[in-house]
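# Structural overview for review
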Amino acid sequence: MSTQGFNPFLMAQQQFDAVAEKLGLDQATRDLLRWPDREFHFNIPIRMDDGSYRVFRGFRVQHNDARGPAKGGIRFHPQETIDTVRALAMWMTWKTAVVDIPLGGGKGGVVCDPHNLSLREQELICRGWVRQVVRNVGPLQDVPAPDVMTTSQHMIWMLDEYEKITGIKAPGFITGKPIGLGGSLGRTEATGYGVIYTVREALKELGIDIRNTSASFQGFGNVSQYALQLYTMMGGTAVAVSSWNPKEKAAITFRKKDGIKFDELIQITNKFGEIDKDKAIELGYEVLPGNAWIEQEVDILVPAALENQINKETVHLIKDSVKIIAEGANGPTTPEADEVIKQKKIHVIPDFLANAGGVTCSYFEQVQCNMNYYWTKEEVLEKLDKKMTSAYHSVLNLSREKNVYMRDAAYMISISRVAEAVKLRGWV
Ligand code: NAD
């Protein structure tokens, strides 16, 4: 899924190249890590509800599995491209490395729009996706998960197909499953809560009480919903949230200056994270243009929708009041925008650190599946908080020690860990 004229893979490579240079990596390691190890491109033919046939395009990219099985979500989106999948797979490698879990990086996708597909058609796509890659994925090879527009329902269809083909029960094949069918408690909240654990730590470092802060969020899907929930539970004031409006084919920002209540907003949001405009107006929300989320006079910005949202055009809209950008989405900020953010001295919690709570909890899900013993939600969230807090402080410490930007510090930690793994294995 790529926003117009923007290639996330080129951006991911550009970010990698800059840090590889700083680390003085040898050429072979650079060549290995700036491209995925393996890619699968395939057709998924489906018999539609009206009896016609349609062929959907599917992908799985395994960027690197030197530190453990590849890990990464499957996205359903009409603008999905191989370059988006490549970028996301590469970011997964850095993400699993920054939180130091024994997994690599992968990502998958299907070019399709679930808005226009029945549940039966979506089920067939899920099963078709698994049939095409079954030889190359599995609990010890590559473990998929949900991403944009895929849910626990899609995951359980995929698991069922995998188990039918292999003839074994293998709940560790996929994560993000429903509770009671191998899913982990806390997984739904994990990414959004993880973002806020890092925000809490950043605010402590800046000497700011969270109760005196305000925040604006882009997106109101899985990540943003739980980020907003925990942030407001900790006493912060969420003033604006944007989401996609499929009727108007445009994003809309909803603002309530005295504070958005999670319980209220979730009631008027559909399963795609789209907020009902008419109901929001009835509840007293101001309706503003899609980009207005970034222009708010707040302390914290949480881009949690798509890539390429803070770019050379929009970065100048950020108000001087903003002290922290916590990147819930993958790749929301372009390298050009990073330069402006550095000058503005905003503390960035980079995507693959801020949103690593999701994959960390997916890892916990795998561990529980392997043990066939499941933890309470409190145990899961406590372990998640520890991992996120420790990863945040490792990045912050390196950033201070070497006097580098937070994103560069996070990359330096991840790339060094992966480079060491490929060296120890004798790959380069
Ligand atoms: P989601 O599909 O649940 O929600 C996406 C949200 O973005 C929806 O509210 C949608 O309305 C909104 N949106 C779409 N286009 C928009 C636009 N142009 N302007 C404003 N809002 C828009 O997806 P999600 O799972 O919350 O993922 C969001 C981001 O976080 C993605 O970049 C994803 O890769 C990343 N991420 C997700 C997880 C996870 O566990 N879900 C983990 C790590 C990273």
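Residues numbered from 1 in each chain as written. Predicted model: local features only at pLDDT ≥ 70, side-chain atom pairs only at ≥ 80, totals over all residues. Heavy atoms only, no water.

### Considering the packing of aromatic side chains
With the rule as written, the count across this model stands at 11 aromatic pairs. On the basis of an interplanar angle of 45° and a centroid distance of 6.1 Å, the ring pair of Tyr226 and Phe262 is categorised as tilted. Taken as a pair, Tyr226 in helix H7 (residues 222-233) and Phe262 in helix H8 (residues 262-267) lie far apart in primary sequence, 36 residues in all. Grouping residues by exposure puts Tyr226 and Phe262 together as buried. An aromatic cluster of at least three residues, connected via ring pairs, comprises Phe16, Trp94, Phe352 and Tyr411. It is Lys256 that lies over the ring of Tyr285; its NZ or CZ is 4.6 Å from the centre. Taking NZ or CZ as reference, Lys383 lies 4.5 Å from the ring centre of Trp375, over its face. (Phe/Tyr/Trp six-rings, centres within 6.5 Å; stacked < 30°, edge-to-face > 60°. Helix = DSSP H or I, 4+ residues; strand = E, 2+ residues; numbered from the N terminus. Buried < 20%, exposed > 50% of the residue type's maximum accessible area, 1.4 Å probe, protein only. Lys NZ or Arg CZ within 6 Å of the ring centre and 35° of its normal.)

### With respect to the side chain of Ser184
Tracing the chain through its elements places Ser184 in the loop between helix H5 (152-166) and helix H6 (187-206). Among the polar contacts made by the side chain of Ser184, one reaches the side chain of Gln368 at a distance of 2.9 Å. What Ser184 contacts, discounting residues up to four positions off in sequence, is Ile179, Cys361, Glu365, Gln368 and Val380. (Polar contact = N/O pair within 3.5 Å; in protein donor to acceptor, adjacent residues only side chain to side chain. Contact = heavy atoms within 4.5 Å.)

### Observations regarding the site of the ligand
Contacts to the ligand come from 27 residues, most closely from Arg75, Thr191, Phe220, Gly273 and Asn330. Note that an oxygen atom of the ligand is positioned 3.0 Å from one of the backbone N or O atoms of Asn222. Ala305 places a main-chain nitrogen or oxygen 3.4 Å from an oxygen atom of the ligand. For the ligand, whose unbound accessible area comes to 830 Å², protein coverage reaches 89%. Elements represented by at least two residues in the shell around the ligand include exactly H6, H7 and strand S7 (237-245). (Near = heavy atom within 4 Å. Areas by Shrake-Rupley, 256 points an atom, 1.4 Å probe, with all protein chains shown as cover.)

### Points about the packing of helix H3 (residues 82-98) against helix H14 (residues 406-424)
Running from amino to carboxyl end, H3 crosses H14 at an angle of 90°, the nearest separation of the two axes being 8 Å. Looking at the two axes, H3 sits roughly perpendicular to H14. Between H3 and H14, the contacting residues are Trp91, Thr93, Trp94, Ala97 and Val98 on the first element and Ala410, Tyr411, Ile413, Ser414, Ile415, Arg417 and Val418 on the second. Its residues assigned to classes, the contact of H3 with H14 comprises 9 nonpolar, 2 polar and 1 charged. (Axes fitted to C-alpha atoms, helices over the stretch in contact; angles between N-to-C directions. Parallel < 35°, antiparallel > 145°, perpendicular 65-115°, else oblique. Nonpolar A, V, L, I, M, F, W, Y, C, P; charged D, E, K, R; others polar.)

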